[in-house]
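Here's the letter readout for the chains.
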Amino acid sequence: MVLRDVSLEIGEGEFIGVIGPTGAGKTTLCLSLNGIVPQFHGGRFFGRITVADLDTLTNPVATLARHVGQVFEDPETQLVATSVENEVAFALENTCVPREEILRRIPVALDATRLSGAEKRHPQELSGGQKQRLAIAAALALQPQLLVLDEPTSQLDPVGEQDVFATVSALNRSYGVAVLLVSHASEQLAEYADRILLLAEGQVIAIGTPGEIFSRVDLLDQYHVRPPQVTRILHILRQRGVEQQALPVSYEEGRATLVRLGHQCGVAVPAIPSSSPDVSRPTIISVRDVHFDYADGTPALRGVSLDIRKGEYVLIAGQNGAGKTTLVKHLVGLLQPKQGTVIADGRDTRATRVSALAR
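Quick caveat, the model's predicted, so the values are computed rather than measured.

(A) Seen up close, the sheet that holds strand S12 (residues 347-348). With respect to topology, four strands assemble into an open sheet ordered S10-S9-S11-S12, the strand pairing being antiparallel. Lying at the two open borders of the sheet, with one neighbouring strand each, are strand S10 (299-309) and S12. Where strand S9 (residues 283-293) lies against strand S11 (residues 339-344), five bridges are found, and the strand directions are antiparallel. Residue pairing across strands places Arg288 opposite Thr341, the latter belonging to S11. The strands touched by helix H13 (residues 324-331) within the sheet are S9, S10 and S11, with S10 carrying the most contacts at an inclination of about 55 degrees.

(B) Expanded view of the packing of helix H4 (residues 84-94) against helix H5 (residues 99-112). Look at H4 against H5: their axes get within 10 Å of each other, and the N-to-C directions meet at 125 degrees. With respect to each other, H4 and H5 are oriented oblique. You can see that H4 and H5 cross each other, and the crossing is right-handed. For the pair H4 and H5, the contacting residues are Val84, Glu85, Val88, Ala89, Leu92 and Glu93 in the first and Ile102, Arg105, Ile106, Ala109 and Leu110 in the second. Split into classes, the residues belonging to the contact of H4 with H5 amount to eight nonpolar, no polar and three charged.

(C) Region of the structure containing the sheet that holds strand S1 (residues 15-19). Judged by pairing direction, the sheet is mixed, and its six strands sit side by side in the order S4-S5-S6-S1-S7-S8 without closing on themselves. Either end of the sheet is taken by a strand with one partner, and the two such strands are strand S4 (68-71) and strand S8 (203-208). Along the sheet, successive strands turn relative to each other by an average axial angle of 15 degrees, direction set aside. Pairing between S4 and strand S5 (residues 146-150): four bridges, direction parallel. Considered in S5, the bridge of Val71 is made with Leu149. Packing of helix H6 (residues 128-140) onto the sheet brings it into contact with S4 and S5, and relative to S4 it is tilted by some 165 degrees. The strands touched by helix H7 (residues 158-175) are S1, S5 and strand S6 (178-182); relative to S6, the strand with the most contacts, the crossing angle is about 155 degrees.

The rules behind these values
- Residues numbered from 1 in each chain as written.
- Predicted model: local features only at pLDDT ≥ 70, side-chain atom pairs only at ≥ 80, totals over all residues.
- Heavy atoms only, no water.
- Pairing = 2+ DSSP bridges.
- Helix = DSSP H or I, 4+ residues; strand = E, 2+ residues; numbered from the N terminus.
- Contact = heavy atoms within 4.5 Å.
- Axes fitted to C-alpha atoms, helices over the stretch in contact; angles between N-to-C directions.
- Parallel < 35°, antiparallel > 145°, perpendicular 65-115°, else oblique.
- Left-handed = near helix turned anticlockwise from the far one by under 90°.
- Nonpolar A, V, L, I, M, F, W, Y, C, P; charged D, E, K, R; others polar.

Okay, structure coming up:
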């Protein structure tokens, strides 16, 4: 049984965060709110769900879609059109919204998700965060009372994650759209959500404000759910005898508490040791002033230079669309620089077969 005796009321304009371990039933709960479960997936369904006074069992998904917008984990599975504006128009066309109304709603949805100016761009040209915001815009254009998002930031870097949370929060507060959002990003949920629902083994374990739920660190640990890092730190200090009134769940509260406790306890922050690369090691990959544009004109790399030495452990970090994958493809010859050189183990990648570089 995926869900067991789940009861929940979502108020108009409320922001509900859903947390829980893998297999808790979070996705099933999301799909139940617009009738996809059980109408599409089948199975045995007991109880009753109503959204905007519509029963999710007796009303078709097409009808419920006007009231419940759904955004999934991977935006790639949701985007079907060849331009941003056509993507927003797609759901409206399928629900027979008049053309004049479609043309009115498109700029409103794009403006609300900060995608104005990208109307003619192909969705595949967008960054991961922009793609997720486009999926939200397409759902928002239907003017739903409830927006359901299932792990919408799991594939995004921290910048993209914050971008999506800020967008959803703005829709919630400015447009009054109720939000149910599943996520493991406890810091963001603590900042934006009105209430937190802890789901495990298909059951509601606890529900309350972010402060009430995330401060119960022992309960979260029992179900393998991560509390905000600042809450974890203060919880450890409490276990070690540092007295404090309540565990903070937000960064600002935690920072203020740590500063106060630091003064009280005389705790000094240790210096972080610095490190530098070992230049005595031989260079195995040398990238010099590499520039690369994709065929559609999208710029990807601009004057990148890098040396990787034998035995090094190199981390390539950056937000979605920064060019990380493009750079790695250059290192193995899958892409060739428009300008500059890539030398791998003494071989110019432009003059070496990929099969040879793979060795």
